[in-house]
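Understanding the architecture of this molecule
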Amino acid sequence: PLVNPLRSLILAAAGNDALRRLVATTPVSRDVVRRFVAGETTADAVAVARDLVDSGLTVTLDHLGEDTTDKALAESSVRAYLDVLDRLREEGLASRVEVSVKLSAVGQVLDERLGLDNAARICAAAEQAGTTVTLDMEDHTTTDSTLRVLAELRRTWPSTGGVLQSYLHRTRADAQALAGAGSRVRLCKGAYAEPESVAFPTMHEVDRSYVQCANDLLAGEGYPMFATHDPRLIEIVSEQARLHERAPGSYEFQMLHGVRPDEQLRLSAAGETVRVYLPYGQEWYGYLMRRLAERPANTALFLRALTSR
Ligand code: FDA
């Protein structure tokens, strides 16, 4: 089943302040954090992005933060994006590096309108820099709101990307609705602990839904972005792309920084466009906990780092 006990435990720990302090103050755990996160500053993010671009990959930068209920924090998150977009333009990286934005980090929790206005500022700055924005998808209580904001942003910035999660029952219909010309859609399995009332309970069903949605997106006229590390899904999607006579570059693969780096380079060397999701910033804790929840091997690595001296 998708919701195994370890995963639930770790996702619960994601909200635990004591654990957050322990992780933040244990020096050796910082190495584990650095495997998945570029660093805390704009300069760190740009430096790691440049290395990835130099190795033939493309990048989407994520300034870490989520569930912001404070207007000033939302504003500082927007400013971080404006700052990094400026730097990408100055450094000539904007054609290979875009940004991913969580609406909950820029005010959606307070008010959808504030989230929209702030996301619009980031889209305007991205356009000026010569790149694009993708809106991450968060838990299912935000899906409708995020898709509404996406539709609104696309009226001015049609290349704004959205994300669909194959674990949700609703996603097949969303994929069909978003498969039109000009759309950019990232398809992932989904990373939040969701109830059975809205999400498929087994990995098998989540994978089957992924394949169906991938097919819908490839059959459409948009630009699908397949975010997965799953070797079976990568193989199936590649085959589907051939069947739909999709040339490499009319879709892309995406993986997280630090996860299957050799596979990222292999696909890229085979002529595929591969984009690495690269988070940075001080709020790395919730992100890290989701990565650990996904994979027991990551958790073992992390616990070893925490307990070894
Ligand atoms: P899954 O975790 O089921 O793993 C399947 C297989 O992949 C494993 O059996 C193994 O073979 C291989 N694998 C996985 N991790 C590995 C590792 N560390 N080393 C070696 N092999 C490994 N979620 C969300 O809810 N909203 C979002 O906006 C996004 N955005 C996003 C962007 C990008 C670029 C990615 C890659 C992912 C997301 N996600 C996300 C997260 C996503 O929903 C999902 O939780 C993770 O990608 C894990 O699912 P996988 O598809 O990788 O397969």
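Residues numbered from 1 in each chain as written. Predicted model: local features only at pLDDT ≥ 70, side-chain atom pairs only at ≥ 80, totals over all residues.

For clarity, the threshold we go by: UniProt positions are given in the numbering used here, feature names are shortened, and annotations may be inferred rather than shown by experiment.
The name given to the chain in an unreviewed UniProt entry is proline dehydrogenase, and the organism recorded there is Actinoalloteichus fjordicus. Listed under Pathway (unreviewed entry) in UniProt, the entry text for the chain is "Amino-acid degradation; L-proline degradation into L-glutamate; L-glutamate from L-proline: step 1/2." Quoted verbatim from the Catalytic activity (unreviewed entry) field of the UniProt record, the comment on the chain reads "L-proline + a quinone = (S)-1-pyrroline-5-carboxylate + a quinol + H(+)".

1. Remarks on the overall build of the chain
What counts is decided by this rule: Helix and strand labels come from DSSP, where a helix needs a run of H or I of at least four residues and a strand needs a run of E of at least two; each type is numbered from the N terminus. A residue is called partly exposed when the number of other C-beta atoms within 10 Å of its own lies between 12 and 20, exposed at 12 or fewer, and buried at 20 or more, with C-beta atoms placed from the backbone. For every residue pair, C-beta atoms are placed from the backbone, and the pair is scored as a contact if these atoms sit within 7 Å.
Each helix and strand counted, the chain has 13 helices and eight strands in total. Looking at the chain residue by residue over its 309 residues, the buried ones come to 42%. Considering only contacts within the chain whose residues lie at least 6 apart along the sequence, 74% involve residues at least 24 apart.

2. Considerations on the confidence of the model for the chain
When pLDDT drops low, the exact placement of atoms in the prediction is not to be read closely. Put simply, the rule reads: The pLDDT value tells you how sure the predictor is about a given residue, anywhere from 0 up to 100.
When the pLDDT values of the chain are averaged, the result is 91; 87% of them are 70 or greater. Quick note on the complex model: pTM equals 0.92, ipTM equals 0.98.

3. Details of unusual backbone geometry
In this structure, Glu245 takes a positive phi of about 55° despite not being glycine. Residue placement: Glu245 occurs in the loop between helix H10 (231–243) and strand E7 (252–256). The class of Glu245 is exposed, set by 8 C-beta atoms lying within 10 Å. The backbone of Arg260 shows a phi angle near 50°, a positive value even though the residue is not glycine. Here Arg260 lies in the loop between E7 and helix H11 (261–269). Owing to 16 C-beta atoms within 10 Å, Arg260 belongs among the partly exposed residues under this scheme.

4. Remarks on the environment of Ser238
Structurally, the position occupied by Ser238 is in helix H10. Take Ser238: there are 18 C-beta atoms within 10 Å of it, and that puts it in the partly exposed class. Once the C-alpha coordinates of Ser238 and Arg113 are considered, the two residues, 125 residues apart in sequence, prove to be 39 Å apart.

5. Here we look at the packing of helix H9 (residues 203–219) against H10
Operational definition: The angle between two axes is taken between their N-to-C directions and runs from 0 to 180 degrees, where each axis is a line fitted to C-alpha atoms and a helix contributes only its stretch in contact. Between 65 and 115 degrees an angle is taken as roughly perpendicular, under 35 as roughly parallel, over 145 as roughly antiparallel, and anywhere else as oblique. Put simply, a crossing is left-handed when the front helix is turned counterclockwise from the back one by less than a right angle, and right-handed when it is turned clockwise. Lys, Arg, Asp and Glu make up the charged group, whereas Ala, Val, Leu, Ile, Met, Phe, Trp, Tyr, Cys and Pro make up the nonpolar group; the residues left over, Gly among them, are polar.
In contact at an axis separation of 10 Å, H9 and H10 are set at 25° when each is read in the N-to-C sense. Compared by their axis directions, H9 and H10 come out roughly parallel. Between H9 and H10 lies a crossing whose hand is right-handed. Contact with H9, carried on its side by Asp207, Tyr210, Val211, Ala214, Asn215 and Leu218, involves Leu233, Ile236, Val237, Gln240 and Ala241 of H10 and no other residues of that element. When grouped by side-chain class, the residues that make up the contact of H9 with H10 number eight nonpolar, two polar and one charged.

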